[in-house]
Amino acid sequence: MKALVTAISSIAALTLSAPAFALVANGDFETAEAVSGVPTTAGDWGQDLATIVAAENGISPFSGSRMLRFDSTSSTLPGSGLGSDVTQLIDLTPDAAAIAAGATLSAAAFFNRVTGDSNTDTEFNIALRAYHGVLASFADASFSSSPLALSSNALFSDGNPATWETLGTSLDLPVNTTFVALTITARENVLNSTPEFDGHYADNVSASLAAVPEPETYALFLAGLGLVALARRHRS
Ligand SMILES: [Ca+2]
Ligand SMILES: [Ca+2]
Ligand SMILES: [Ca+2]
Ligand SMILES: [Ca+2]
């Protein structure tokens, strides 16, 4: 019985519980940092031009006193593209064992924008891209270049600057994943203009890893729970 309880405990421990920002550095944008240029190290926000700002344009940060403002669809002003992508690389080599056993990465962020007018863009995206390799080599690759796996999601924000909309996505990680690129994006889905965005923001970006129990393991886990319940009933 003790061995079974120990086995059940270790299975339960596989369900990795992580606090909100555990895998994302500065996910609440409370720490000042430059945001532009392709990130080459984990925990650094970068790619297209964006700025960490305090409350402005009638929008208050979702948390704390700072948030991220999307400025350009390239690393300089003005941009030529349609999406302002802000990316952070997440080093998952410390979680190699959990990933090899089967793990899902979930990410979420909050978005908001000014009311604007009929030309104001409305779309935000979140994406996870899994890669295998040495993290630094990612700098040489395009962000969209053949990831092992990709998941993304979109939302069309409301025009109410008092509300933050949340958006998430989940990716079942290939067993050889060593790092993930987490990207949040403001898109010029209404008008490709200059300036590109009227006041588009993100805050509280988070990511967490959870084990995917294999069917047999899960069945054993449920059977184990039943046995523990039975044992408790016998004892009382
Ligand atoms: Ca914040
Ligand atoms: Ca543009
Ligand atoms: Ca809103
Ligand atoms: Ca625009």
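Residues numbered from 1 in each chain as written. Chains lettered and ligands numbered in written order. Predicted model: local features only at pLDDT ≥ 70, side-chain atom pairs only at ≥ 80, totals over all residues. Heavy atoms only, no water.

Requested: an account of the overall build of the chain, with residues and values cited.
Helices and strands together make up the secondary structure of the chain, namely three helices and 10 strands. For the chain, the α and β elements follow one another from N to C terminus as α-β-β-β-β-α-β-β-β-β-β-β-α. Here the chain holds 236 residues, and the buried ones make up 42% of them. Of all intrachain contacts in the chain linking residues separated by at least 6 positions in sequence, the fraction that spans at least 24 positions is 75%. Accessible surface, the chain: about 11100 Å² in total, of which carbon and sulfur atoms supply 58%. (Helix = DSSP H or I, 4+ residues; strand = E, 2+ residues; numbered from the N terminus. Buried < 20%, exposed > 50% of the residue type's maximum accessible area, 1.4 Å probe, protein only. Contact = heavy atoms within 4.5 Å. Areas by Shrake-Rupley, 256 points an atom, 1.4 Å probe, with all protein chains shown as cover.)

Kindly report on the environment of V134, identifying the contributing residues and their values.
The topology assignment puts V134 in the loop between β6 (123–131) and β7 (149–156). Take V134: its relative accessible area is 61%, and that puts it in the exposed class. Put simply, V134 and T178 are 44 residues apart on the chain and 7.6 Å apart in space, counted from C-alpha to C-alpha.

Report on the pattern of salt bridges, specifying residues and quantitative values.
Per the counting criterion, the structure on display carries three salt bridges. A salt bridge links R69 to E56, with the shortest nitrogen-to-oxygen separation between them at 3.1 Å. Pair noted here: R69 is in strand β3 (residues 67–70) and E56 is in the loop between β2 (46–53) and β3, with a separation of 13 residues, a long-range link. For E56, a relative accessible area of 21% corresponds to the partly exposed category. In this structure, R187 and E123 form a salt bridge, with 3.8 Å as the shortest nitrogen-oxygen distance. In this pair, R187 is assigned in strand β9 (residues 179–187) and E123 in strand β6, connecting sequence segments 64 residues apart. (Salt bridge = Lys/Arg side-chain N within 4 Å of Asp/Glu carboxyl O.)

Tell me what's going on with the nonpolar core, and back it up with residues and numbers.
With 35 residues, the main nonpolar core has L68, F70, F111, L173 and I184 as its most contacted residues. With five residues, strand β5 (residues 103–113) is the largest single contributor of residues to this core. In this structure L173 touches L92, I99, A103, L105, A130, V180 and L209, once residues within four positions along its chain are discounted. Formed by six residues, the second largest nonpolar core is a distinct cluster that contains V53, V114, W164 and Y201. (Core = buried A, V, L, I, M, F, W, Y, C linked by side-chain atoms within 4.5 Å.)

Describe the pairing of strand β8 (residues 165–172), and please don't skip the residues or the numbers.
Side chains E165, L167, T169 and L171 project from β8 onto a buried face, and the interleaved T166, G168, S170 and D172 project onto a face without burial. As judged from the eight bridges shared by β5 and β8, these two strands associate in the antiparallel manner. For F111, the partnering residue across the bridge sits in β8 and is E165. (Pairing = 2+ DSSP bridges.)

Account for the side chain of S84, naming residues and giving values.
Along the chain, the position of S84 falls in strand β4 (residues 83–91). Overall, the relative accessible area of 0% leaves S84 in the buried class. Separated by 2.7 Å, the side chain of S84 and the backbone oxygen of S72 make a polar contact. Ignoring any residue separated from it by four or fewer positions in sequence, one finds S84 in contact with D48, L49, F70, D71, S72, T73, I184, T185, A186 and F197. (Polar contact = N/O pair within 3.5 Å; in protein donor to acceptor, adjacent residues only side chain to side chain.)

Talk me through the environment of P147; I want residue IDs and the actual numbers.
Tracing the chain through its elements places P147 in the loop between β6 and β7. When the C-alpha atoms of P147 and Y131 are compared, they prove to be 5.4 Å apart, with 16 residues separating the residues in sequence. For P147, the contacting residues outside a window of four places in its chain are R129, A130 and Y131.

Before we move on, can you summarise the packing of aromatic side chains with the specific residues and values?
Applying the stated criterion across every chain yields a total of six aromatic pairs. Between Y131 and F179, the ring centres sit 5.3 Å apart and the planes meet at 15°, which makes this aromatic pair stacked. Here Y131 is found in strand β6, whereas its partner F179 is found in strand β9, with 48 residues between them in sequence. Under the relative-accessibility criterion, Y131 is labelled buried at 8%. Residue class for F179 comes out buried when judged on its relative accessible area of 2%. These aromatic residues form a ring-pair network of at least three members: F62, F110 and W164. (Phe/Tyr/Trp six-rings, centres within 6.5 Å; stacked < 30°, edge-to-face > 60°.)

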